[in-house]
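# Survey of secondary and tertiary structure
Chain residues, written in single-letter form:
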Amino acid sequence: MEVILFIQTFKTPFLDCFFQFITMAGEQPFFLLLACWFTWCYDKESGWRLGFIFLTGTALNSVLKDIFRIPRPIGRDEISSIRTHTAKGYSFPSGHTQSAALCWFSIIKIYRKKYLFITGISIVILVGISRLYLGVHWPSDVIGGAFIGAAWVFIADYIWTRFNGAGNIRFTVIILLIMVTVCCIFPSDYMIRTSGAAAGFLSGIILEKRYLNFHLSGNIINSVIRFISGIAVAVLLLQGSKLLLPKGGIATGLTFIILGLWITYGAPAFFKWIEKMIKTH
């Protein structure tokens, strides 16, 4: 608690805004945008690899939270807590910090560039500090999240490359069976969403490799158009599912299956169809 109280002695309106902005770099919308950019515009194979590491790592985070069941510091009289709507569930390990570590250590491992190492480490540290400044995690949550995330990058990446995860049907079925089993044991909303997204994401890779084989091409303008149009459809899918599907675990899982499938197969198929239409006219 002393560490949180010390950090919060520096509280100002500016830092409140700054750390609320920084903590967004550890939230799902940020990683959704990043996954889409890699998969549709920059490096498809690396996007798949990053997606596998991130989805299995976030599932691990959900399981660990349910195992340890450590309460958050929210509600303590001495601690000021901000942006608490992003701090649901148990405290250890910090999901934001672990997610940032999963993302940036994956990028560092794949591309091995010094500037990415500096950028990634800085973001992970800042996200961790933001969770303490905002009063929603203990220091042990942040440290644990960073180390667990970094360790899982190496474990998951080894599994992905060892078993040639991209498009391997047997590998995909085994991973999804494991995640569904874990989801039945630890049926949190977060775990249901993650399992659904993984099911759609990995199934979409199989379909993409077998029937589509979309090649990233074109200049930066084409990439930006693909990105914006693909994200717009993803938002429509999410909002439409909320309106059309009943509330509950099954509907949530189905929504994220559709989202994962859109990222790895639906959007590339749409882009390829548009390119074909343009060429024929």
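In what follows, the structure referred to is the one given above.
We now turn to the structure provided with this report. These figures come from a predicted structure and were not determined experimentally.

What follows is about the overall build of the protein chain. In terms of regular secondary structure, the protein chain is built from eleven helices and zero strands. For 281 residues, the compact-globule estimate of 2.2 N^0.38 gives 19 Å, and the protein chain sits close to it at 19 Å. Principal-axis analysis of the C-alpha atoms gives the protein chain an extent of 65 × 40 × 40 Å. Counting the 281 residues in the protein chain, one finds 48% classified as buried. Taking the contacts inside the protein chain whose residues are at least 6 apart along the sequence as the reference set, 81% of them involve residues at least 24 apart. Accessible area for the protein chain stands at about 14,500 Å²; split by element, carbon and sulfur atoms hold 71% of it. For the protein chain, the centre of its 25 positive side-chain charges and the centre of its 13 negative side-chain charges are spaced 10 Å apart.

Let us look at unusual backbone geometry. The linkage connecting Phe 92 with the following residue, Pro 93, adopts the cis geometry, with an omega of -10°. Within the secondary structure, Pro 93 is located in the loop between helix 4 (44–68) and helix 5 (95–111). One non-glycine residue with positive phi stands out, namely Asn 164, at about 50°. Judged by its relative accessible area of 53%, Asn 164 falls in the exposed class.

For the rest of this paragraph, the subject is the environment of Thr 12. Along the chain, the position of Thr 12 falls in the loop between helix 1 (2–8) and helix 2 (13–23). In terms of polar contacts, Thr 12 uses its side chain to reach the backbone amide nitrogen of Leu 15, at 3.0 Å.

Counting 55 residues, the largest nonpolar core has Trp 40, Phe 52, Ile 107, Trp 160, Phe 201, Leu 202 and Ile 205 as its most contacted members. Examining the composition of this core, we find that nine residues originate from one element, helix 9 (residues 189–212), more than from any other. In contact with Trp 40, not counting residues within four places along its chain, are Phe 214, Leu 216, Arg 226, Phe 227, Gly 230, Ile 231, Trp 262, Ile 263, Ala 267, Pro 268 and Phe 271. Counting residues in hydrophobic clusters, the runner-up holds twelve residues, among them Ile 4, Ile 82, Ala 87 and Trp 138.

Glancing now at the pattern of salt bridges. All chains considered together, the criterion is met by six salt bridges. Here Glu 208 makes a salt bridge to Lys 44, at a shortest N to O gap of 3.2 Å. Of the two residues, Glu 208 is situated in helix 9 and Lys 44 in helix 4; the sequence distance between them amounts to 164 residues. The exposure class of Glu 208 is buried, given its relative accessible area of 0%.

This part takes up the packing of helix 10 (residues 220–244) against helix 11 (residues 249–280). Relative to each other, helix 10 and helix 11 sit at 140°, their axes nearing to 10 Å. In this structure, helix 10 meets helix 11 at a crossing whose hand is right-handed. Of helix 11, the residues touching helix 10 (which contributes Arg 226, Ser 229, Gly 230, Val 233, Ala 234, Leu 237, Leu 238 and Ser 241) are Thr 255, Ile 258, Leu 259, Trp 262, Phe 271 and Glu 275. Its residues assigned to classes, the contact of helix 10 with helix 11 shows eight nonpolar, four polar and two charged.

Looking now at helix 4. Its 25 residues place the ends of helix 4 36 Å apart at the C-alpha level, agreeing with the 36 Å of an ideal helix rising 1.5 Å per residue. Across the 25 residues that make up helix 4, a large majority, 20, are buried. A positive backbone phi angle near 50° is found at Arg 69, which sits one or two residues after helix 4.

Right, let's get into the side chain of Asn 61. One can find Asn 61 in helix 4. Reaching out from Asn 61, the side chain makes a polar contact with the backbone oxygen of Pro 93 at a distance of 3.2 Å. Excluding residues within four positions of it along the chain, Asn 61 makes contact with Pro 93, Ser 94, Gly 95 and Gln 98.

Compared with the 24 Å implied by 1.5 Å per residue over 17 residues, the 24 Å span of helix 8 (residues 169–185) between its first and last C-alpha is a close match. The complete set of buried residues in helix 8 reads Phe 171, Thr 172, Ile 175, Leu 176, Met 179 and Cys 183. Along the axis of helix 8, the buried positions cluster into a sector of 120°, meaning they face one direction only. Pointing more than 90 degrees away from the buried face of helix 8 are the exposed residues Arg 170, Leu 177, Cys 184 and Ile 185. A distance of 3.1 Å separates the backbone nitrogen of Arg 170 from a side-chain oxygen at the start of helix 8, and that oxygen is part of Asn 168.

The rules behind the values
- Residues numbered from 1 in each chain as written.
- Predicted model: local features only at pLDDT ≥ 70, side-chain atom pairs only at ≥ 80, totals over all residues.
- Heavy atoms only, no water.
- Helix = DSSP H or I, 4+ residues; strand = E, 2+ residues; numbered from the N terminus.
- Rg over C-alpha atoms; globule rule 2.2 N^0.38 Å.
- Buried < 20%, exposed > 50% of the residue type's maximum accessible area, 1.4 Å probe, protein only.
- Contact = heavy atoms within 4.5 Å.
- Areas by Shrake-Rupley, 256 points an atom, 1.4 Å probe, with all protein chains shown as cover.
- Lys, Arg positive; Asp, Glu negative; His and termini not counted.
- Charge placed at Lys NZ, Arg CZ, Asp CG, Glu CD.
- Polar contact = N/O pair within 3.5 Å; in protein donor to acceptor, adjacent residues only side chain to side chain.
- Core = buried A, V, L, I, M, F, W, Y, C linked by side-chain atoms within 4.5 Å.
- Salt bridge = Lys/Arg side-chain N within 4 Å of Asp/Glu carboxyl O.
- Axes fitted to C-alpha atoms, helices over the stretch in contact; angles between N-to-C directions.
- Left-handed = near helix turned anticlockwise from the far one by under 90°.
- Nonpolar A, V, L, I, M, F, W, Y, C, P; charged D, E, K, R; others polar.
- Expected span 1.5 Å × (residues − 1).
- Arc of directions from axis to C-beta.

Purely spatial values, then, with no claim about function.
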